[in-house]
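Commentary on secondary and tertiary structure
Next come the chains, spelled out residue by residue.
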Amino acid sequence: MPIGLIALALGGFGIGLTEFGIVGLLPEVADDFDVSEAVAGYLISGYALSVAVGAVALTAAVARFDRKKVLTGLMVLFVVGNLISAVAPTYELLMVGRVVAALCHGAFFGVGAVVASDMVAENKKASAIALMFGGLTAANVLGVPLGTFVGQQFGWRATFWAITVIGVIALIGIQVLVPQTAPPGQTSLRGELAVFRRGQVWVSLVLSILAFGGVIGGYTYIAFTLTEVSGFATSTVPWLLVLFGVGTFIGNFVGGKAADKSLNAALTGIMAVLTVILAAFALTAENKVATIVSLLLMGTIGLAAAPGLMVRIMKYAQDAPTMASGANVAAFNVGNALGAWLGGMTIAAGFGFVSPLWVGAGLALAGLVVVAGGSLGRRSAAATDASVSAAPRAEKVEAGV
């Protein structure tokens, strides 16, 4: 794999740490600003919604510019946002910092996915994207537990200071390691937006929303589940999150390999297994051993769909891949926001701290219906199971729908 993918993974690591690093610190943030658990959770859903806006708006604005320069500018925005979060004296200003940092997220992964896929052969695109997303999963393996530990020991602000430093390092890495990219085609904004008239593009977006909504629906309030339901001490939460992170790291690369072999089969299997795991977790959360196993399995399946979902939408939008991949990242984060919001609603309604896991299982099941059993799933089955090399033929089929 090209060395430039390492730089993209480094940027993904910093961004992933910003998105998920606060998960283990929600209790501390809630206490510091005297807000409820559900309101503290809005720092995650608010971030996700900002990602969704930035993924479409910023991607549209930068689609025709040099991609390496775009990635550099986005990392600068990322550093500024985390700096605001680190010094925020109020909950509202912390939310502002989260929003600013989030604006770069969608466009970074959208542009980065195109750059990564352009670096390799057709039959390795999902694996290349998986390597870029490997930075995101590494943030779960190393960054999130470590960030939680640092926040618990030195205050949650220390975590944001550390993320700011990581952002600067990532910025330098992109400048040094990412090769100069070929200029994007001279397409108009109208031409870029035309991909949203294609049914298969919307199938991909719906699948992304449900897949990530299922994972984040269960994960956002996991610190409360571990301490209030499973009975673990607060000090053990960072180390328990390592299990989830290790799982995501494994699942991301396995999912990429599986998607390179058979895209539709991989996505169907992932959604089915995710549904079962989340439901089983909810049923056994009071058992510590079962909780440990469930965390690992939940992480393994959690991000496994991401490479395949990115490849899927770019297959059906080859003439505007940057806009399509940016929109897909937006869909990921709409799913994040949806899962976190629904999970918070169930907790606020008094259904307990396992209720977000049931929310996640329900969303994952809906995704399985779409990809395998629903009307949209039946329409896409034949095309999505084709190899990446058959994309031009699939484009012709889609054009006739």
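Reading guide: rules and limits
- Sequence order as written defines residue numbering, which begins from 1 separately in each chain.
- Local features in this predicted model are restricted to residues whose pLDDT is 70 or higher, and side-chain atom pairs enter the listing and the counts only when it is 80 or higher, whereas totals over whole chains, interfaces and linings include all residues.
- In computing side-chain values, all of the structure's heavy atoms are included and hydrogens and water are not.
- Secondary structure elements are defined from DSSP: runs of H or I of at least 4 residues count as helices, runs of E of at least 2 residues count as strands, and each element is numbered from the N terminus.
- The buried label goes to any residue with under 20% of its type's maximum accessible area, the exposed label to any with over 50%, and the partly exposed label to all in between, with areas taken from a 1.4 Å probe on protein chains only.
- Only protein atoms enter the 1 Å grid used here. Points where a 1.4 Å probe fits but cannot escape make up a cavity, open sets with protein on both sides within 12 Å along at least five of seven lines make up a pocket, and a residue lines them when an atom lies within 4 Å of a point.
- Grid points are joined across faces, edges and corners, and a volume is the space filled by probe spheres set on the points.
- The classification used treats Ala, Val, Leu, Ile, Met, Phe, Trp, Tyr, Cys and Pro as nonpolar, Asp, Glu, Lys and Arg as charged, and all other residues, Gly among them, as polar.
- How sure the predictor is of each residue is captured by pLDDT, a score from 0 to 100.
- In this scheme, patches are assembled from residues that exceed 30% relative accessible area and form no salt bridge. Like charges are connected within 9 Å, while nonpolar side chains (Val, Leu, Ile, Met, Phe, Trp, Tyr) are connected within 5 Å.
- Reported accessibility uses the Shrake-Rupley method at a 1.4 Å probe radius. Residues are deemed covered only where the shown protein chains occlude them.
- Salt bridges are counted wherever a side-chain nitrogen of Lys or Arg sits within 4 Å of a carboxyl oxygen of Asp or Glu.

A few points about unusual backbone geometry
Of note, the phi angle at Asp 34 is positive, near 55°, even though the residue is not glycine. Relative to the assigned elements, Asp 34 resides in the loop between α2 (26–33) and α3 (37–62). Judged by relative accessible area, Asp 34 falls into the exposed class, the value being 71%.

Observations concerning empty space enclosed by the protein
Under the counting rule described, the total for this entry stands at 4 cavities of 30 Å³ or more. Space inside the largest cavity adds up to approximately 80 Å³. If you trace the largest cavity, you find it lined by Glu 19, Phe 20, His 105, Phe 109, Phe 133, Leu 136, Phe 212, Leu 303, Val 329, Phe 332, Asn 333 and Asn 336. For the lining of the largest cavity, the secondary structure elements donating two or more residues are α1 (4–20), α5 (91–118), α6 (125–154) and α15 (321–348). Per element, the largest residue contribution to the lining of the largest cavity is 4 residues, and it comes from α15. In terms of residue class, the lining of the largest cavity is made up of 8 nonpolar, 3 polar and 1 charged.

Description of the confidence of the model for the chain
Confidence in the prediction of the chain, expressed as mean pLDDT, is 81, and 89% of residues score 70 or more. When pLDDT is averaged over each element of the chain, helix α12 (residues 263–284) comes out on top at 92 and helix α18 (residues 391–399) at the bottom at 41.

Considering a nonpolar patch on the surface
On the surface, a cluster of nonpolar side chains totalling about 290 Å² of accessible area is made up of Val 246, Ile 250, Val 254 and Leu 296. The greatest single-element share of the nonpolar patch, amounting to 3 residues, is contributed by helix α11 (residues 237–261). For Val 246, the location among the structural elements is in helix α11.

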